[in-house]
2 protein chains.
Amino acid sequence: MVTMMDKTEILKALSNPLRVEFLEWMRQPEENFSSQAHPLEMGICAQQFERRCGLSQSTVSGHLATLEKAGLVSTTKVGQWTFYHRNEDAIRDFIETLKTSL
Amino acid sequence: MVTMMDKTEILKALSNPLRVEFLEWMRQPEENFSSQAHPLEMGICAQQFERRCGLSQSTVSGHLATLEKAGLVSTTKVGQWTFYHRNEDAIRDFIETLKTSL
DNA sequence: TCACCATATCGGCTACATCCGATATGTAGA
DNA sequence: TCTACATATCGGATGTAGCCGATATGGTGA
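Residues numbered from 1 in each chain as written. Chains lettered and ligands numbered in written order. Predicted model: local features only at pLDDT ≥ 70, side-chain atom pairs only at ≥ 80, totals over all residues. Heavy atoms only, no water.

1. With respect to the protein's contact with DNA strand D
Applied cut-off: In these notes, residues near a molecule or strand are those with any non-hydrogen atom within 4 Å of it. N or O atoms closer than or at 3.5 Å make up a polar contact, with two conditions inside protein: a donor-capable atom paired with an acceptor-capable one, and, for residues adjacent in sequence, both atoms drawn from side chains. Put simply, DSSP marks the helices as runs of H or I at least four residues long and the strands as runs of E at least two long, and each gets a number from the N terminus on. Residues are sorted three ways: Asp, Glu, Lys and Arg are charged, Ala, Val, Leu, Ile, Met, Phe, Trp, Tyr, Cys and Pro are nonpolar, and all the rest, Gly among them, are polar.
Taken together, the neighbourhood of DNA strand D is formed by 19 residues, with Ser58, Thr59 and His63 of chain A together with Gln57 and Ser58 of chain B sitting nearest. Gln80 of chain B is positioned such that a nitrogen or oxygen atom in its side chain is 2.9 Å from a base oxygen of DNA strand D. For the surface near DNA strand D, the secondary-structure elements that each account for two or more residues are α5 (57-69) of chain A together with α4 (46-53), α5 (57-69) and β3 (81-86) of chain B. For the surface near DNA strand D, the class distribution of residues is five nonpolar, 13 polar and one charged.

This is the structure we're talking about:
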């Protein structure tokens, strides 16, 4: 279930094309990211986004935090790494909400 | 059909909650707007949005222009009025695009 | 403990978004 | 033509977004 506040926050998160790309890249990790120490199924670690988009570490970290605050991705911390993965339920609910309310 | 640029522009347009409300209000004109000189089926004239949200004429005009540039609404000019109506095809295509790409 | 690595956060800069009042444009009717 | 009205556009003030380098935080392994 997506509340009205959630919806606004999600739409703000998606208003930046780079953040949308982040989400899209995560749909097909094998095609968009190089191999990493841990299996891609655990999620994608922050570095991978940095390499892929070429922006600074702090900028990428900020974008990922925005996606997480909006509930579109979740994180798994393993040691010094933070693995990001799509929150498929939230994404589906959001689109469903748009479909019925927009 | 929604291109990638369209998608970005639409998402930017939807990143403002007031603009989202404008679109939602237009789904049920009878419930959200008072009667106007011309029938609501022609579209909603700009004044109605002003009254409903309480912001200034110039601000509302700007928001409506943003929605139109994004292709989410179209306008019909009749005399001194501009009637806004939802572009249902564009809205549907956009949501469908999100569903398959996001 | 110490050096290294991954990530998060901070401070500062620049660009864009949002709001307003004032003004321009264009239509309608006396 | 003159006035009133609806809308669009302009200019300026303020807030937010996005970017960076520098630094803080916290795990890893020698």
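2. Some details on the pairing of strand β3 (residues 81-86) of chain A
Residues and elements named next belong to chain A. The following threshold applies: A pair of strands counts as paired when DSSP detects no fewer than two bridges linking them.
Across two bridges, strand β1 (residues 44-45) lies against β3 in antiparallel orientation. Pairing of Cys45 across the sheet is with Phe83, part of β3. Of the strand pairs in this sheet, strand β2 (residues 73-78) and β3 are connected by six bridges, and their pairing is antiparallel. When the sheet's bridge partners are listed, Ser74 is paired in β3 with His85. Linkage of β2 to β3, two consecutive antiparallel strands, is achieved through a turn of two residues, within which Gly79 is found at a positive phi near 60°.

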